[in-house]
Amino acid sequence: MNLDLIPQIKHTKSDNFFLLSGPCAIEGEDMALRIAEKIITITDKLEIPYVFKGSFKKANRSRVDSFTGIGDEKALKILRKVSETFNVPTVTDIHEVSDAEKAAEYVDVLQIPAFLVRQTDLVVAAANTGKVVNLKKGQFMSPESMQHAVTKVTDSNNQQVMVTDRGTMFGYQDMIVDFRGIPTMKQYAPVVLDVTHSLQQPNQSSGVTGGRPDMIETIARAGIVTGADGIFMETHFDPANAKSDGANMLHLDHLERVLTNLVAIRKTVNSLE
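Cut-offs applied
- Residues numbered from 1 in each chain as written.
- Predicted model: local features only at pLDDT ≥ 70, side-chain atom pairs only at ≥ 80, totals over all residues.
- Heavy atoms only, no water.
- Helix = DSSP H or I, 4+ residues; strand = E, 2+ residues; numbered from the N terminus.
- Contact = heavy atoms within 4.5 Å.
- Areas by Shrake-Rupley, 256 points an atom, 1.4 Å probe, with all protein chains shown as cover.
- Buried < 20%, exposed > 50% of the residue type's maximum accessible area, 1.4 Å probe, protein only.
- Arc of directions from axis to C-beta.
- Core = buried A, V, L, I, M, F, W, Y, C linked by side-chain atoms within 4.5 Å.
- Salt bridge = Lys/Arg side-chain N within 4 Å of Asp/Glu carboxyl O.
- Phe/Tyr/Trp six-rings, centres within 6.5 Å; stacked < 30°, edge-to-face > 60°.
- Lys NZ or Arg CZ within 6 Å of the ring centre and 35° of its normal.
- Right-handed = clockwise from strand over helix to strand, strands pointing away.
- Pairing = 2+ DSSP bridges.

### A short note on the overall build of the chain
Check the secondary structure of the chain and you find eight helices and 13 strands. Relative to all contacts within the chain whose residues are 6 or more apart in sequence, the contacts with residues 24 or more apart total 71%. Of the roughly 11,800 Å² of accessible surface on the chain, 47% is carried by carbon and sulfur atoms.

Set out below in structure tokens:
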């Protein structure tokens, strides 16, 4: 990936993948700062360019009583504080056209959720802010179809766009990753593999999404081997009690080991190119 895509990103001397990582949702200031500090300690050590991820609100919920956020402005201010405290860029999801301009005041990257990536008005609104736009591939879309989503951004005079694969629906309650999609989508933009969301098990009868966190490193390793420019990985110090997507998040205690192994694989892949 051209690191100039995100001007605020920490440049490193290593030819490494970059990382988008953090909690699924911003639950409070202390938790966000705690998670960010831990991740930055690891990424600085391993020379991994890093972007802090946290959703300022969660609009795609299975049940009406599911956690949606602590308040838009409060969460966005926390994202800004993470950025200013640790000098790292930040990324958050947007769900409505009005969210684009609002979130752009606080973060560096605007992320379009997979369910919404075909919403032209939303994508164009994100592009028009001039921020980096991260387009998540719809679970129902082919890799080839993402070229049209990318074009919506570039035709809006914004070349700062990347694509994230987060798996494809397999039946009603499972996801699979078609790794052929990574080199395919790299023809259109830098490609990120969202490891943790690819391991979701949605549409459970309880209304709470399940997951397979035991497979996180397996999927991440395959993503590095097949040429992913970046890795997206949600993490939390207490996934069992996280307010969103705890079932498929990586425990923060395991992050350094996983990233260390991925860096070693990336070095091997680079030696073969």
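### Here we look at helix α3 (residues 97–104)
Among all positions of α3, only Asp-99, Ala-100, Ala-103 and Ala-104 are buried. Taken end-on, α3 shows its buried residues confined to a sector of 115°, consistent with a single buried face. The inward-facing, buried residues of α3 contact α2 (72–86), β3 (90–93), β4 (109–112) and α4 (120–128).

### A word on the nonpolar core
Phe-52, Ile-94, Ile-112, Leu-135, Met-233 and Leu-259 are the most contacted members of the largest nonpolar core, which has 71 residues in total. Ranked by residue count, the leading element in this core is helix α1 (residues 29–46), at nine residues. Once residues lying within four places of it in the same chain are set aside, the contact partners of Phe-52 are Ser-21, Gly-22, Pro-23, Ile-26, Ala-32, Ala-36, Leu-79, Val-82, Val-88, Pro-89, Thr-90 and Val-91. The next biggest cluster of nonpolar side chains, apart from the first, holds nine residues, and it includes Leu-20, Val-109, Met-162 and Val-192.

### Digging into the pattern of salt bridges
Enumeration according to the criterion identifies 14 salt bridges in this entry. Note that Asp-15 is salt-bridged to Arg-266, the shortest N-O span being 3.9 Å. Within this pair, whereas Asp-15 is found in the segment before β1 (18–22), its partner Arg-266 is found in helix α8 (residues 255–272), the two being separated by 251 residues in sequence. Overall, the relative accessible area of 53% leaves Asp-15 in the exposed class. We classify Arg-266 as buried; its relative accessible area is 12%.

### A word on the packing of aromatic side chains
Following the criterion strictly, the structure yields zero aromatic pairs and no others. One Lys or Arg, Arg-34, reaches over the ring of Phe-237 and ends 3.8 Å from the middle of that ring. Between Lys-136 and the ring centre of Phe-232, over which it is positioned, the NZ or CZ distance is 4.1 Å.

### What to know about the pairing of strand β5 (residues 132–136)
For β5, the tally of buried residues reaches five of five residues, placing the bulk of the element in the interior. Neither face of β5 is open: one carries Val-132, Asn-134 and Lys-136, the other Val-133 and Leu-135, and all of them are buried. Regarding the hand of the β-α-β motif, the stretch spanning β4, α4 and β5 is right-handed. Sheet analysis places β5 next to strand β6 (residues 161–165), joined by four bridges and oriented parallel. The partner of Val-133 across the bridge, within β6, is Val-161.

Purely geometric stuff here, so don't read any function into it on its own.
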